Amino acid sequence: MSKHTLFIADVHLQPDDNHPINLAFSDFLATQVPQADALYILGDLFEMWVGDDIGLPLYKTVIEQFKSLTDTGLPIYLLFGNRDFLMRRKFWQETGIQPLSDPKEVELYGLPVLLMHGDSLCTDDREYQKMRKILRFPLVTWLFLKLPKRRRLKIGESMREKSKRFSQNKPENIMDVNPKAVTQVLQQHPKVRHLIHGHTHRPGHHAVKVGGESKHRWVLGDWRPQTQVLRIDHDQTVQLVVYPNPEHSPLILPQTTEANTEKPN
Ligand SMILES: [Mn+2]
């Protein structure tokens, strides 16, 4: 059995077990994840998470699937996205998933990598960054989670609508990562040669020069339901892999797509 670790982001699971995304993801958990050493989820696993008391029953099927995987001893890690940053103690308990901070430096098979959701790198979108700061303020999230369920669902829904409307009117380049922000975060983590993130929904590989050294930025795909997941093997090979693969072969290398214009949200 080959030793490898998998990375995914932006699944945007829907509150409907029969949605094509949920079906593909459930299949991924059942067929791909058990063969891996670990799974890292880099944000926006859920379309919306407005409290464990709402999310846990709403996403019961996938929550139970996670639990049965982590019960076998398989480690699953997750860092927050901009859609799902309100998971609390009950979520970690009921899934067995382990929380990570953003950014998080980890070492895999001797290879140091840096994991992020990616939204904090989109510094050209000032409006978004301002909003992000407010929403992550501990007092704000604490107060929000005290609201009745119906209020939270309503607010969550209207924010989702707003973010969709806003991102439709924004120029493409503002929605992507800022090169300076990328260089800066790599300078802060000098050991790291590979940065892995999602959020922009523009899967691909980018070479980055930092102080004369060549580094790599890998962007994970969203799930439509076909996606690009990242795989690191024990020999330190890093590659993007199309899933589900139309050829039904276990691995093919995708074309790097620069023309993918889907807007992040
Ligand atoms: Mn996102």
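These numbers were taken from a predicted model, which means no experiment stands behind them. (Residues numbered from 1 in each chain as written. Predicted model: local features only at pLDDT ≥ 70, side-chain atom pairs only at ≥ 80, totals over all residues. Heavy atoms only, no water.)

## So, the overall build of the protein chain
Thinking step 1. Each helix and strand in the protein chain was counted, giving eight helices and eleven strands.
Thinking step 2. By the compact-globule yardstick of 18 Å for 265 residues, the protein chain fits well, its C-alpha radius of gyration being 18 Å.
Thinking step 3. For the protein chain, the spread of C-alpha atoms along the three principal axes comes to 50 × 40 × 30 Å.
Thinking step 4. Summing over all exposed atoms, the protein chain offers an accessible surface of approximately 13,300 Å²; the carbon and sulfur share of this is 55%. (Helix = DSSP H or I, 4+ residues; strand = E, 2+ residues; numbered from the N terminus. Rg over C-alpha atoms; globule rule 2.2 N^0.38 Å. Areas by Shrake-Rupley, 256 points an atom, 1.4 Å probe, with all protein chains shown as cover.)

## Quick word on the nonpolar core
Thinking step 1. By size, the foremost hydrophobic cluster in this structure holds 39 residues, and its most contacted members are Phe25, Phe28, Phe46 and Trp223.
Thinking step 2. Only β1 (4-8), α1 (20-31), β2 (38-42), α2 (52-58), α3 (60-71), β3 (76-79), α4 (89-95) and β11 (238-243) provide two or more residues apiece to this core.
Thinking step 3. Of all the elements, α1 adds the most residues to this core, at five residues.
Thinking step 4. Ignoring any residue separated from it by four or fewer positions in sequence, one finds phenylalanine 25 in contact with Ile8, Val11, Leu13, Leu45, Val62, Phe66 and Trp223.
Thinking step 5. Leu79, Leu108, Val113 and Leu230 belong to the second largest nonpolar core, which has 20 residues in total. (Core = buried A, V, L, I, M, F, W, Y, C linked by side-chain atoms within 4.5 Å. Buried < 20%, exposed > 50% of the residue type's maximum accessible area, 1.4 Å probe, protein only. Contact = heavy atoms within 4.5 Å.)

## Some thoughts on the sheet that holds β3
Whenever strands of a sheet pair, they do so through backbone hydrogen bonds, lying parallel or antiparallel.
Thinking step 1. Ordered by their spatial adjacency, six strands build an open sheet running β4-β3-β2-β1-β10-β11, and the pairing between neighbours is mixed. The open sheet is flanked by β4 (98-99) and β11, the only strands paired with a single partner.
Thinking step 2. With two bridges joining them, β3 and β4 adopt parallel strand pairing. Bridge pairing in β4 links tyrosine 77 to glutamine 98.
Thinking step 3. α1 rests against β1, β2, β10 (227-233) and β11 of the sheet, and its axis sits at about 125° to β11. (Pairing = 2+ DSSP bridges. Axes fitted to C-alpha atoms, helices over the stretch in contact; angles between N-to-C directions.)

## A look at the packing of α1 against α3
Thinking step 1. Where α1 meets α3, the closest approach of the two axes is 11 Å, and the angle between their N-to-C directions is 10°. Taken together, α1 and α3 sit at an angle that is classed as roughly parallel. Touching Phe25, Ser26, Leu29 and Ala30 of α1 are Val62, Gln65, Phe66 and Leu69, all from α3.
Thinking step 2. Class assignment for the residues of the contact of α1 with α3 results in six nonpolar, two polar and no charged. (Parallel < 35°, antiparallel > 145°, perpendicular 65-115°, else oblique. Nonpolar A, V, L, I, M, F, W, Y, C, P; charged D, E, K, R; others polar.)

## Observations regarding unusual backbone geometry
Thinking step 1. Note the cis peptide between aspartate 102 and proline 103, where omega equals 0°.
Thinking step 2. Examined against the element boundaries, proline 103 turns out to sit in the loop between β4 and β5 (104-108).
Thinking step 3. Residues arginine 224 and proline 225 are joined by a peptide bond in cis, for which omega reads 10°.
Thinking step 4. Note that proline 225 resides in the loop between β9 (213-219) and β10.
Thinking step 5. Non-glycine residue aspartate 10 carries a positive phi angle of around 50°.
Thinking step 6. As for its placement among the helices and strands, aspartate 10 is situated in the loop between β1 and α1.

## Remarks on α3
Thinking step 1. Compared with the 16 Å implied by 1.5 Å per residue over twelve residues, the 16 Å span of α3 between its first and last C-alpha is a close match.
Thinking step 2. Where α3 is concerned, the buried positions are Val62, Ile63, Gln65, Phe66, Leu69 and Thr70. For α3, the angular spread of the buried residues around the axis is 160°, confining them to a single face.
Thinking step 3. Summarising the contacts, the buried residues of α3 are in contact with α1, β2, α2, β3 and α4.
Thinking step 4. Once α3 ends, the next one or two residues include glycine 73, with phi positive near 100°. (Expected span 1.5 Å × (residues − 1). Arc of directions from axis to C-beta.)

## Observations regarding the coordination of the manganese ion
Thinking step 1. At 2.1 to 2.3 Å from the manganese ion lie its protein donor atoms, namely Asp44 (OD), Asn82 (OD1), His117 (NE2) and His199 (ND1).
Thinking step 2. Mapping the donors of the manganese ion onto the primary sequence gives the spacing D-x37-N-x34-H-x81-H. One end of the pair, aspartate 44, is in the loop between β2 and α2; the other, histidine 117, is in the loop between β6 (111-115) and α5 (126-136), with 73 residues separating them in the sequence.
Thinking step 3. You can call histidine 117 buried: its relative accessible area is 0%. (Donors = N, O, S within 2.8 Å, 3.2 Å for Na, K, Ca; no water.)

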